[in-house]
Amino acid sequence: MKKVLITGAAGNVGMRLRKLLKGVYPHLRASDIKTPSDLAVDEDFAAADLADYAQVEKIVAGVDGIVHLGGYSIEGPWPTILNSNIVGCYNLFEAAYRAEVKRVVFASSNHAVGFYPREKKIGVDVTVRPDSRYGVSKAFGEAVGAFYADKHGLRVTCLRIGNVGDAPLDKRRMSIWLKPEDLVQLVRIGLEHPDIRFEVFYGASDNEAAWWDNSNARRYGYKPQGRAEDFREQAMAEQAKLPPDPVGDRFQGGPFCSDEYDGNR
Ligand code: 15L
């Protein structure tokens, strides 16, 4: 991997990854619809709207691998999800294939499977159970990735990311927290491991309260260093400030499940 493109480079995860991947690959290109507030003078940045295929073609040109974080990263109205995460994601994979990009790491989300109950431990082979239009778009992205891998030989890794941050934010995040350095490990497996064709991994650290069986990632050498348990006290103190959420507290996707919920009709 000589030249790697990061889409969604201005977002929270993109900003962290740009810094952590600096020097790992000889050339990092960053892209986003808006210029990152922390852009350094020595960074290669190209603005692009992923919903516009011609713009996507330009940013993928000459690239060996892509970390696709771009799109709308929370629940939103359908027109927004449609443009950013459905059209945008399709454009990214199609342009990558046409430009002979070798690998794509796709930032999927825990919200693709958010309606699994918390007491159920799930692996990567479960049926998707999205908890939001956003979650539906992430399930779509995984399907598009599988399609380009199986039909066209693009090497694709989908990361069902939990919550990336310096520490778990509350009780739910104690189960799904992902330390940024552990995300780097997963991204590097996706971009470099010789055996990758199409894989799904959970983007989670070594959390004692995990809801996910991440043995597939471990098979590829993933050794997470973060442990949510080390932050239990502060996470539970934050949890105590939150109102009870009778629906969200039952399911893995939390508030994404209770938002707009009327499933008991
Ligand atoms: C996500 O997929 C979102 O991008 C992020 O903003 C968080 O909401 C995260 O999930 C989460 O579940 O905590």
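Scroll up for the structure.
Residues numbered from 1 in each chain as written. Predicted model: local features only at pLDDT ≥ 70, side-chain atom pairs only at ≥ 80, totals over all residues. Heavy atoms only, no water.

### So, empty space enclosed by the protein
For clarity, the cut-off: Put plainly, a pocket is an open set of points on a 1 Å grid over the protein atoms alone with protein on both sides within 12 Å along at least five of seven lines, a cavity is a set where a 1.4 Å probe fits but cannot get out, and a lining residue has an atom within 4 Å of a point. Grid points are joined across faces, edges and corners, and a volume is the space filled by probe spheres set on the points. Secondary structure counts use DSSP, requiring at least four H or I residues in a row for a helix and at least two E residues in a row for a strand, with both numbered from the N terminus. Basically, the charged four are Asp, Glu, Lys and Arg, the nonpolar ten are Ala, Val, Leu, Ile, Met, Phe, Trp, Tyr, Cys and Pro, and anything else, Gly included, counts as polar.
What the rule picks out here adds up to two cavities of 30 Å³ or more. What lines the largest cavity is simply His68, Gly70, Gly71, Ser84, Asn85, Cys89, Phe106, Ser137 and Lys138. Element by element, the count of residues in the lining of the largest cavity is highest for helix 3 (residues 78-98), at three residues. Taken together, the residues that form the lining of the largest cavity break down as two nonpolar, six polar and one charged. Put simply, the second largest cavity is a space of about 30 Å³. Lining the second largest cavity are Leu17, Val67, Leu69, Val105, Phe106, Ala107, Leu159, Ile161, Leu183 and Val187. Sorting elements by how many residues they give to the lining of the second largest cavity places strand 5 (residues 103-109) first, with three residues. Residues that form the lining of the second largest cavity fall into these classes: 10 nonpolar, no polar and no charged.

### Observations concerning the site of the ligand
What counts here: Put simply, a residue is near a molecule or strand once any heavy atom of it comes within 4 Å of that molecule or strand. In protein, a polar contact requires one atom able to donate a hydrogen and another able to accept it; more generally it is a pair of N or O atoms within 3.5 Å, and residues adjacent in sequence count only if both atoms are side-chain atoms. Using a 1.4 Å probe, accessible areas were evaluated by the Shrake-Rupley method; residue-level cover was limited to the displayed protein chains. Whether a molecule lies in a cavity or pocket depends on its atoms, and more than half of them have to be within 2 Å of the grid points.
Within the structure, the ligand sits among Ser73, Ile74, Ser109, Asn110, His111, Tyr134, Gly162, Asn163, Arg172, Arg173, Ile176 and Phe256. At a separation of 2.9 Å, an oxygen atom of the ligand approaches a polar side-chain atom of Asn163. Within the side chain of Arg172, one N or O atom sits 2.6 Å away from an oxygen atom of the ligand. For the ligand, whose free accessible area comes to 320 Å², the fraction covered by protein is 80%. Placement of the ligand is best described as lying within the largest pocket. Broken down by element, the shell around the ligand gets its largest block of residues, three residues, from helix 5 (residues 171-176). A breakdown of the residues in the shell around the ligand according to their chemical character gives four nonpolar, six polar and two charged.

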